[in-house]
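Spelled out, the chains give:
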Amino acid sequence: MALTQSSNLGTSSSLFTLKSFLIWSFTLAVCLLVVGFPLVVLMATVAFLLSMVLQSVMPVSAVLLVAGSVIGFNVLAVLIGASMLTLKGIHPHEVRWLSWLHGEADDIDTSVYAACPLTCDMEPKF
């Protein structure tokens, strides 16, 4: 009985860690594309110039080599960041600014419509 409960806890812990790693990977990839857009544009510009320079040395595979290197660097950076956050034990539910990821409403900004003072206190008549 104790053996089955301990193996169940290990499986639960590993699934929790895997889920945390996958959520961090998704979050960091989205943040890189959305927030880091100027960085992505700068990397694309440098990659374009580097592929033009390498085209004279390696005419067949210069663009493939540079594009693969840049994409590989970005994927590796996201995976290393996600693994570091997961290994430190930081779960995405603990981060306050990630409420958009979990679908939680932010109560700070509440909308007040122009017709609300006239209609908000009225009960619908059916």
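Note that this is a predicted model, so its numbers are computed, not measured.

The rules behind each value
- Residues numbered from 1 in each chain as written.
- Predicted model: local features only at pLDDT ≥ 70, side-chain atom pairs only at ≥ 80, totals over all residues.
- Heavy atoms only, no water.
- Helix = DSSP H or I, 4+ residues; strand = E, 2+ residues; numbered from the N terminus.
- Buried < 20%, exposed > 50% of the residue type's maximum accessible area, 1.4 Å probe, protein only.
- Contact = heavy atoms within 4.5 Å.
- Areas by Shrake-Rupley, 256 points an atom, 1.4 Å probe, with all protein chains shown as cover.
- Patch = residues over 30% accessible without salt bridge, like charges linked within 9 Å, V, L, I, M, F, W, Y side chains within 5 Å.
- Salt bridge = Lys/Arg side-chain N within 4 Å of Asp/Glu carboxyl O.
- Expected span 1.5 Å × (residues − 1).

*Asks:* How should the overall build of the chain be read in this particular structure?
*Replies:* Along the chain, the regular secondary structure elements total 5 helices and 0 strands. Going residue by residue from the N terminus, the α and β elements of the chain occur as α-α-α-α-α. Looking at the chain as a whole, 15% of its 126 residues qualify as buried. Sequence separation of 24 or more characterises 67% of the internal contacts of the chain that already satisfy a separation of 6 or more. In the form shown here, the chain has an accessible surface area of approximately 10100 Å², with 73% of it arising from carbon and sulfur atoms.

*Asks:* Please clarify how the side chain of Asn74 should be interpreted in this entry.
*Replies:* Positionally, Asn74 belongs in helix H3 (residues 62-87). According to the relative accessible area criterion, Asn74 is buried, its value standing at 19%. Apart from residues no more than four positions distant in its own chain, Asn74 is found in contact with Leu32 and Met43.

*Asks:* How should the environment of Thr17 be read in this particular structure?
*Replies:* Mapped onto the elements of the fold, Thr17 is located in helix H1 (residues 2-34). Taking relative accessible area as the criterion, Thr17 reaches 36% and is therefore assigned partly exposed. As for Thr17 and Leu87, which are separated by 70 residues in sequence, their C-alpha atoms are 8.4 Å apart.

*Asks:* Looking at this model, I keep getting lost on a nonpolar patch on the surface. Mind explaining?
*Replies:* Residues Leu15, Leu18 and Leu22 make up a contiguous nonpolar surface patch of about 300 Å² in total accessible area. Topologically, Leu22 is positioned in helix H1.

*Asks:* Can you help me understand H3 in this one?
*Replies:* Every α-helix carries 3.6 residues per turn, so stepping three or four residues along brings you back to the same face. Here H3 contains 26 residues, and its C-alpha end-to-end distance of 37 Å stays within 8% of the 38 Å for a straight helix at 1.5 Å per residue. Of all the positions in H3, only Ala62, Val66, Asn74, Val78, Ala82 and Thr86 are classed as buried. Of the residues one or two after H3, Gly89 is the one with positive phi, at around 85°.

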